[in-house]
Amino acid sequence: MLRSITKNLRQSRLISPEIRKFATSYDEVSLEDQSLFPAEEGIVQNSLYTNRILVPKCTLDQYVWSNVDKFRQKTAIECGITGKFYTYAQLRDRSATLAVNLIKRFGVTKGETVAVCLPNMPEFAVAALGCIESGSVISTFNPIYTSDEISKQMINSDTKIIISTTEHYKKIAKAVEMSNMDIKIIMVKDRENASLPPNTIDFKEITDPHNMSFEILEKNRTFDPNDTVMLPYSSGTTGVAKGVELTHRNIVSNCVMLGQNLGGETLAIEASDTFQDVLPCVLPFFHIYGWTCTLISKLQLGCKLVTLPAFKPDTFVDVLRNHKTTLIHLVPPIVTFMSNSADVKPDYLMSARMIMSGAAPLGRAEVERFVETKAPQVKFSQGYGLTETSPVAMMQSIGNMNFGSIGSPSPATQAKIINIEDPKMIGLGPGQSGEVLIRGPHIMKGYYKNEEATKETIVENGWLRTGDIGYYDENFQFYITDRMKELIKVKGFQVAPAELESILKCHPQIADAAVVGVPHKTTGEAPRGFIVAKPNTKINKEEIMNFVQEKVAPYKKLESIVIVNEIPKNATGKIMRREIKAKYL
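Below is a summary of the structure that appears in this document. (Residues numbered from 1 in each chain as written. Predicted model: local features only at pLDDT ≥ 70, side-chain atom pairs only at ≥ 80, totals over all residues. Heavy atoms only, no water.)

Inspection of every chain in the model, using the stated rule, returns 24 salt bridges. Notably, a salt bridge pairs Lys-70 with Glu-270, separated by 2.8 Å at the nearest N-O pair. Of the two residues, Lys-70 sits in the loop between helix H1 (60-64) and strand E6 (75-79) while Glu-270 sits in the loop between helix H7 (248-258) and strand E16 (278-281), which places them 200 residues apart along the sequence. Accessibility expressed as a relative area gives 39% for Lys-70, which makes it partly exposed. By relative accessible area, which is 29% here, Glu-270 ends up partly exposed. Asp-190 is the partner of Arg-191 in a salt bridge, and the nearest nitrogen-oxygen pair spans 3.3 Å. In this structure Arg-191 comes out as partly exposed when scored by relative accessible area, which is 48%. Residue Asp-190 is classed as partly exposed on the basis of its relative accessible area, which comes to 33%. (Salt bridge = Lys/Arg side-chain N within 4 Å of Asp/Glu carboxyl O. Helix = DSSP H or I, 4+ residues; strand = E, 2+ residues; numbered from the N terminus. Buried < 20%, exposed > 50% of the residue type's maximum accessible area, 1.4 Å probe, protein only.)

As structure tokens, then:
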């Protein structure tokens, strides 16, 4: 049932003389009520906490700024390397200034795409929140992408403007040229004395709030919670990357879920006069895990975010040593690093009370080793999700040591296991294996300009097919055992075999190719190529690997090449990856 409960939020206030107010009501979201969906068998919800959540009927910028007056002078975001920072007051003003300039100076209208291709840095938050408040759709780009990859995402997302750093100017300019589109380039100077490239716009200039009037932001507010606000890219269950349309409501709902009581505690605590949660932010903001879990949800609570542009052991350890971190969002390889590194001293983690891990399973032995050697007071929670679920779909209760499990459905979220051969998709019981389906207010709107893929993924009664195979036990704890989808997970990032296969097949000496994921001790998985050589050619494996590496981001590079006589395929020509693994691995 959706029930409207009127409640005023605090003023959303620019720290300039002009004040904008908004009021909103809440949707009480509960998927237990059959007025939303018909009764079905085998639906699982989490009984440890309430499945009724109050989701404010507001846009994402309104949600983030709803309590900004409480902590306007606290540090919002700080670079862990340079020490540059913005207070909440400064972040509020600068992002609103960018929104005004996007509308007035560059003519951005509701629903047009602005690309943000930035590493984790304070300016990322300014860019993201400015785009949101302008009514545009923000599409996040991985800054280590090549010009080819950036150009493809520009074209597919209908990018009008791109925000990046002077360090990446050459490949951004090349990508714009390759796209054959009229795309304005806004540059964040990676050094204070860096020169501004020709025909680009200075980010610092268009985010300076001095003498800025913000009246246009009220007049421009024609967008609403059900509009698309973010367009990250995901490969879904197979194939090349697709734009995932996430609405304001999707992301706000997921933030509210993250803020619920998880077995007696919450992940983050709202800032007060005497306390502020501090988070090292090494998970990239352009990725949905870093976006929702560490950027958006934590700014709304007044946390202090300490950014790192990439994971490097020395700078990561520096942040742990120099900042009293209290809450850390990680992926398993970083937990392993922290456990094994002599540079990570227990003293650096004395303030830490909680770690949430996601993107890949984290073993019990790893958790116990970390707790024993580094931080006995720390409690863990593990989560599971997809870009298409904004992202968190499952969470463990805090302190749950069953780390073989991904937990139970998030608040106001339902899950079921189905037999993939069953056209009725009836939910199965405990211990029965099948595909995991998810339903809730955080499920994506669909894939951008791809109705066919949307229909294949979001099926009858609002269920999202995850492409993951698993089961749940008698305690309603879920376990992922396999993947229907062909994606390779490298350090939590998705690598689509089809993308690498397409590149391999462009090589003049290759007749056919397949790519599968193989276990890797540091990255989780890595892509391995299997190729069929054209007649009368001699393959140089190193040259082939370099050919691919030049066209993709580093995490997509091939781990190795195997030369085979043929690629096994079924009657319809689909590559049989399981057969490749069984025969060659």
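What follows concerns the packing of aromatic side chains. For the structure shown, the criterion picks out twelve aromatic pairs. Joined through ring pairs, the aromatic side chains of Phe-286, Phe-493 and Tyr-555 make up one cluster. Lying across the ring of Tyr-447, Lys-242 places its NZ or CZ 5.2 Å from the centre. (Phe/Tyr/Trp six-rings, centres within 6.5 Å; stacked < 30°, edge-to-face > 60°. Lys NZ or Arg CZ within 6 Å of the ring centre and 35° of its normal.)

The strand order E18-E19-E20-E21-E22 describes an open sheet built from five strands, whose pairing is mixed. Looking at which strands have only one partner, the edges of the open sheet turn out to be strand E18 (327-330) and strand E22 (408-409). By the bridge criterion, two bridges tie strand E21 (residues 392-395) to E22 in an arrangement that is antiparallel. Residue pairing across strands places Met-395 opposite Ser-408, the latter belonging to E22. (Pairing = 2+ DSSP bridges.)

For the bond running from Ser-390 to Pro-391, omega is 10°, close enough to zero to count as cis. Structurally, Pro-391 is set in the loop between strand E20 (379-385) and E21. Although it is not a glycine, Asn-199 sits at a positive phi angle of roughly 60°. Note that Asn-199 resides in the loop between strand E11 (184-188) and strand E12 (201-202). You will see that Lys-449, though not glycine, has its phi angle at about 55°, which is positive. Here Lys-449 shows up in the loop between strand E25 (446-447) and helix H12 (451-457).

So yeah, pure geometry; function would need other evidence.
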